[in-house]
Amino acid sequence: MPDKSNQSTTNREASLSSWKEYAPAVNRRSLLAGTAGLAVGSMLSASTAVAQSVQTTGAPHASTAGNSGNRLYSSNPTHPSMTDISQNPANVPPPITRTEPATVRLEFETIEIEAHLDTNTQYRFWTFNGKVPGPFQRVRVGDTVEVYLKNNEDSWFAHNIDLHAVTGPGGGATLGSPGPGEDYSFRFKALNPGLYVYHCAVAPVALHIANGMYGLILVEPEGGLPPVDREYYVMQGEIYTEERFGTAGLLNESYDKLIDERAEYLVFNGHTGALTEHYPLQAKVGETVRIFFGVGGPNYISSFHVIGEIFDRVYLHGSLETPPLENVQTIAVPAGGSAMVEFKCEVPGRYVLVDHALSRAERGLAGYLYVEGDENPDVFTSLDSDSETEGSEN
């Protein structure tokens, strides 16, 4: 009987030796088999200074799975036995209170890990610090930023980082592409305030991004941002699998679908149900919510919309010093782009985050915002005593 461990090692080494020349015809089923939980320990030990943990209270939700035609309004089931890479949208560092530039250290660890994707589906994600998107980073304009990136020893591929906030070749990516167990570092000055995407830039770049390697870095302007009651971190991504949407088991990535831009899954914060079942956003009537929104992509433009809300202020393209647009229903955010939106919650209920290319909701792209508080009939009320208000698009 062949030695399975030796075979797995051989496959892993073969993949590493050819990562720069990724072949569309490669079938990675044999490579992926038997590696569940490969990097769980590494994920749990990721830098707490970077991947902050924020406790949230439970929000009401349905216990049944969302199926075709009903994904906007039904939650997905929980899977406690599966590793979860979804980023809690409340994991946002607090506003910067200092008034002078400082030297800031950012730590990243690139971790490849098999984790929950959909109902009975798993996928081998490539991550920054074990989460998708990677940790939200917050610095101030004028800061000197030191970036330290380590590639976990259990990775199969080389990884690096390109931060759009960097003024310099490759956004830092040209300075290194560490293989498993290796690391590199660099320094840059945050010259321009704004909300910027970061991502892995090892070839093929689109594949590394699609597998989960993207995040946001906020460079606050000198005067900071206006205070709000709650800040959330949401990113949209695409996943390209050989298998059709909804197939059970451990899925393979598809290079052909990637370059043809035919995503099987579209997600907020890593996987289907991440912002419905696992980490729905929460607020109270009267509070102002700010969402830092980005599109990892790598290919699709998002028409970001919150069903039942109007954005009071929109900072398009992550530009924080340009006067915001006011009273906006839907915003277009390109792949590799971002926006900051703010709105006051006037009426209690469940609001649905979507890309208004609404067919994408059928492939997993939806999130919830639960607003609690007293009813506000002056703003919104039914004229029918027995009418239900949930479940309609505005």
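Details of the structure are given in the entry above.
*Asks:* A description of the overall build of the protein chain should follow, citing residues and the corresponding values.
*Replies:* Looking only at helices and strands, the protein chain features 5 helices and 20 strands. Taking the contacts inside the protein chain whose residues are at least 6 apart along the sequence as the reference set, 77% of them involve residues at least 24 apart. On the protein chain, roughly 16,800 Å² of surface is accessible, and the fraction owed to carbon and sulfur atoms is 48%.

*Asks:* Lay out the pattern of salt bridges with the relevant residues and their values.
*Replies:* A pair can form between side chains of opposite charge whenever their charged atoms are brought close. This structure, assessed with the given rule, holds 14 salt bridges. Between Glu112 and Arg124 there is a salt bridge; the shortest N-O distance is 3.2 Å. Highlighted residues: Glu112 in strand S1 (residues 103-118) and Arg124 in strand S2 (residues 121-128), separated in sequence by 12 residues. In terms of burial, Glu112 and Arg124 fall into one category: buried.

*Asks:* Pulling in residues and values, what's your account of the environment of Asn91?
*Replies:* Within the secondary structure, Asn91 sits in the loop between helix H3 (40-44) and S1. The class for Asn91 is buried, based on a relative accessible area of 11%. Remark: the alpha-carbon pair of Asn91 and Phe136, spanning 45 residues in sequence, is separated by 7.2 Å.

*Asks:* I'd like a description of the nonpolar core, backed by residues and values.
*Replies:* In terms of nonpolar packing, the biggest core is built from 63 residues, with Ile161, Ile291 and Phe304 touching the most fellow members. The dominant element in this core, judged by the number of residues it contributes, is strand S13 (residues 288-297), at 4 residues. Excluding residues within four positions of it along the chain, Ile291 makes contact with Tyr232, Val234, Leu281, Phe304, Ala339, Met340, Val341, Phe343 and Leu353. Listed in part, the 27 residues of the second largest apolar core include Ile111, Val132, Phe136 and Ile239.

Rules of the game
Residues numbered from 1 in each chain as written. Predicted model: local features only at pLDDT ≥ 70, side-chain atom pairs only at ≥ 80, totals over all residues. Heavy atoms only, no water. Helix = DSSP H or I, 4+ residues; strand = E, 2+ residues; numbered from the N terminus. Contact = heavy atoms within 4.5 Å. Areas by Shrake-Rupley, 256 points an atom, 1.4 Å probe, with all protein chains shown as cover. Salt bridge = Lys/Arg side-chain N within 4 Å of Asp/Glu carboxyl O. Buried < 20%, exposed > 50% of the residue type's maximum accessible area, 1.4 Å probe, protein only. Core = buried A, V, L, I, M, F, W, Y, C linked by side-chain atoms within 4.5 Å.

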